[in-house]
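# Close look at the chain arrangement
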Amino acid sequence: MHAHHGAADDGGGSRRSAPPPRDAGLYFLGPLYELVAVGLHRPALEALCAGQRELADPPIDHAYLLKILDEEISRQFGHPLRPIVELVLNAADAARAPQPLVDVAVADGRVEVCDTGAGMGLKAILSRLLIPFATDKRPGIDLGRFGVGFFSVLGFGLAHPESFSLHLTTGDGIEGWAIRVVAWPGAGEAYDGAEPAPEDRPRGRGRASPELTAGLMCSVRRIAPLLGTRVRVASALLEACAVRAYLRDALHFFPASRALVLLDGAAVNDGRWISGGQLLEERVARPAAEERVARPAAEERVARPHGGAADDEGALLARFHLGGRGLLPSISAATFHAGVKVDACLALAELALVDFPAAVELTEGRDAMKVGPEFTAVAIAFYRRLIQRAAASGEGRRARDRLAETAAQISALMLHSAGWDEVALDLARALLGPDRCMVPPERREPLLGFLGAGVAERLFVPESFWAEREWQPHLPGERELLEEELDFDPPETLSSVARRRGDLAGLRLLLARAASPHTTMVALCRSRPSPGRGAGEGAAASPGAPGAPPPSWAAGPRPAGPLPCLGTRRLLLIRDDSAAVRRPAGWSDWYALRAAFDRASGVREADLERDLIVGEPVDGDAGPASHVGERTSGGEP
């Protein structure tokens, strides 16, 4: 097996470069998977660290090891450039006070990440950096948790071997080491040497192939002592503009107290890329059912300044930013874990950012959200912050509706509905009021036309599918609204109600327009004198707190709207208190009857408009009497 200066026999016929003669600094040269095998086998690791020339082959199944490494390298994050962010997180964990700093330089085909924090010696490199999932990260304090940063970057080598190289220099102040990894395009038959297609090139996704993984060649060389780590990744897949835009989006909300991130010399997380809005900090109590894991006091002191740890009473410190806008097109609403974006959301008009405490376990695997009790507690705290904001600022109804819309979108798109059921009713009371009913956008105009414009103050119309989905189980809807606003007669056929209510002249015109009046089910209705008022009783109390004054909609019956008919899922509603139904006069009443009835009956809007434009005109002065029954398919007027 190859060690420093190189062994004479490669033991397996693998293609390797012979080390230069008299290169005393070279400790290893060969396939990366063989170096990983050394790190997994303690005797070989100790021998290499001691500088022995010849190393015995570790008793590890190389085929199985290649399979595991290939799965780890080729597994993808949610975004193809996320491995670069992983390098920044590793650097942030290593950065030290008083001025923790991470320097990122980007150019076409190259990214370099530097820190001046705690580097690594050779044993740390072999036992932690090069072993998947072997990490010294401190849960709840450090950002990286799975030890995948180094291996995720190697995926660029599988995607485009010819242009890939990774050069890492690191030191702990006593030692200095340089590691270089390159990909040999001819290492396996899985690679055909062809250039990637243009549409495949920007994605940078590694291709799963143990042969390609076997072609990752590595050298380890001793250099002069240094302190800190510098990682330089080269790949044709790293386009400078795309990398800069992604890093700004992913890191602009990263806590500067943790580390100031410089991108080509300019800070990306000092607030310059966000305009307006409000940044809030919230101490969130841990769930009572969850036992707090005690941590050494030293770790608590390290964690607390970063804004992501628990305080002495076990609370979690979270950050929320609501409102404002991103000053770059790429910056979107997003969920963060200790400042690192996990889920982006372009559907929110407001810039909504949630920064979870580092103690909250947020990711499962690589990029999947993992919702737990502490995650839910932070989500609930965020919703309650919206309530406090609305109460403190005295927001009007329109602004409160917008907050209700935003809260539901954040729940559905960013927080996986965590904690929503527990706080939705409180949100509804605080933001929407006790008498609001939710209706979909397409039903707003029909309801306003049928119930009158005064009912608008009772309608909450969600702007998005996600808000409608989140609010639907917690708010009354159209049915409850109609039952509170109207009194109904029992359902009956249109022909039957026309015979029974001969005093309603408008029913004759509707009877004439109906295709099947004997089967068309309708119900007559009218405005209630006052919701909840019975004979001899005073006005009912508001649906809110006992003894509170009734809302404005309870002051008295509303006048009927201009549309006398409304279609529902079960039947067609007709207002007998509408002037167009009681005693139609003039062309406006006749056209209102025709249009409302056709819409309520399910006539397509295009057909309805064509009939109104090119159909037989209505003579309002003559009235419908001379035409009643002529077009009735039911056989009776």
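The notes below deal with the structure included here. Just so we're clear, the structure is a prediction, and the values are computed from it rather than from any experiment.

Quick notes on the rules
Residues numbered from 1 in each chain as written. Predicted model: local features only at pLDDT ≥ 70, side-chain atom pairs only at ≥ 80, totals over all residues. Heavy atoms only, no water. Pairing = 2+ DSSP bridges. Helix = DSSP H or I, 4+ residues; strand = E, 2+ residues; numbered from the N terminus. Contact = heavy atoms within 4.5 Å. Axes fitted to C-alpha atoms, helices over the stretch in contact; angles between N-to-C directions. Expected span 1.5 Å × (residues − 1). Buried < 20%, exposed > 50% of the residue type's maximum accessible area, 1.4 Å probe, protein only. Core = buried A, V, L, I, M, F, W, Y, C linked by side-chain atoms within 4.5 Å. Salt bridge = Lys/Arg side-chain N within 4 Å of Asp/Glu carboxyl O. Phe/Tyr/Trp six-rings, centres within 6.5 Å; stacked < 30°, edge-to-face > 60°.

## Here's the deal with the sheet that holds strand β1 (residues 26-31)
Taken in spatial order, the nine strands line up as β1-β6-β5-β4-β7-β3-β2-β8-β9 in an open sheet, and their pairing is mixed. For this open sheet the edge positions go to β1 and β9 (266-267), each flanked by a neighbour on one side alone. Of the strand pairs in this sheet, strand β4 (residues 165-172) and strand β5 (residues 176-183) are connected by six bridges, and their pairing is antiparallel. Within β5, the position partnered with Leu166 by the bridge is Val181. Where helix α1 (residues 32-40) meets the sheet, it contacts β1 and β6 (216-223), and its direction lies at approximately 120° from that of β1. Taken strand by strand, helix α9 (residues 240-251) contacts β2 (101-107), β3 (110-115) and β8 (260-263), and its axis lies near 155° from that of β2.

## Some words on helix α20 (residues 587-600)
The end-to-end C-alpha distance of α20 is 20 Å, a good match for the 20 Å that 14 residues give at a rise of 1.5 Å each. Counting buried residues in α20 gives 10 out of 14 residues, a clear majority hidden from the surface. For α20, the set of buried residues is Asp589, Trp590, Ala592, Leu593, Arg594, Ala595, Ala596, Phe597, Asp598 and Ala600. Immediately downstream of α20, the backbone of Gly602 shows phi near 95°, a positive value.

## Observations concerning the sheet that holds strand β15 (residues 340-345)
On the basis of which strands lie adjacent, the open sheet formed by five strands has the order β11-β12-β16-β14-β15 and mixed pairing. The open sheet terminates on both sides in strands that have one partner only, identified here as β11 (278-285) and β15. Taking each pair of neighbouring strands and ignoring which way they run, the sheet shows an average axis angle of 20°. Bridge count between strand β14 (residues 333-337) and β15: five bridges; the pairing is antiparallel. Along β15, the bridge assignment pairs Ala333 with Cys345. Those strands touched by α9 are β14 and β15, and its axis lies near 100° from that of β15.

## Looking at the environment of Ala63
Checked against the element boundaries, Ala63 lands in helix α3 (residues 62-74). Judged by relative accessible area, Ala63 falls into the exposed class, the value being 57%. As for Ala63 and Ala214, which are separated by 151 residues in sequence, their C-alpha atoms are 9.6 Å apart.

## Section: unusual backbone geometry
Among all residues save glycine, negative phi is the norm, and among peptide bonds the norm is trans. One non-glycine residue with positive phi stands out, namely Asp264, at about 55°. With respect to the helices, strands and loops of the structure, Asp264 is situated in the loop between β8 and β9. The class of Asp264 is partly exposed, set by a relative accessible area of 39%. The backbone of Ser417 shows a phi angle near 60°, a positive value even though the residue is not glycine. Residue placement: Ser417 occurs in the loop between α12 (397-413) and α13 (420-432).

## Overview of the nonpolar core
The biggest cluster of nonpolar side chains holds 81 residues, and the ones touching the most others in it are Val104, Leu154 and Leu166. Among the elements that make up this core, the one with the highest residue count is helix α4 (residues 82-94) (seven residues). Excluding anything up to four places from it in sequence, Leu166 contacts Phe150, Val153, Leu154, Ile179, Arg180, Val181, Val231, Arg232 and Val233. In terms of nonpolar packing, the next biggest core, distinct from the first, is built from 47 residues, Ala381, Leu403, Ala404 and Met438 among them.

## Re the pattern of salt bridges
Working definition: two side chains of opposite charge can pair if their charged atoms are close together. Applying the stated rule across the entire model yields 33 salt bridges. Note that Asp264 is salt-bridged to Arg244, the shortest N-O span being 2.6 Å. Pair noted here: Asp264 is in the loop between β8 and β9 and Arg244 is in helix α9, with a separation of 20 residues, a long-range link. Looking at Arg244, the relative accessible area reads 23%, which means it is partly exposed. Asp576 is paired through a salt bridge with Arg501; the nearest N and O atoms lie 3.5 Å apart. Residue Asp576 is located in the loop between β25 (572-575) and α19 (579-582), and its partner Arg501 is located in the loop between α17 (494-500) and α18 (506-513); the two are separated by 75 residues in the primary sequence. Each member of the salt-bridge network shares a partner with another, and the members are Asp489, Glu492, Arg500, Arg501, Asp503, Arg526 and Asp576.

## Focus on the packing of aromatic side chains
Using the criterion set out here, one finds nine aromatic pairs in the structure. Judged by centre distance (5.0 Å) and plane angle (85°), the rings of Tyr27 and Trp177 are edge-to-face. On the criterion of sequence distance, the pair formed by Tyr27 in strand β1 and Trp177 in strand β5 is long-range, its members being 150 residues apart. For Tyr27, a relative accessible area of 10% puts it in the buried group. Judged by relative accessible area, Trp177 falls into the buried class, the value being 1%. Ring centres of Phe253 and Phe336 lie 5.3 Å apart, and the angle between their planes is 65°; on these two criteria the pair is classed as edge-to-face. Taken together, the positions of Phe253 in the loop between α9 and β8 and Phe336 in strand β14 put the pair 83 residues apart, joining distant regions of the chain. On the basis of relative accessible area, Phe253 is assigned to the buried category, the value being 4%.

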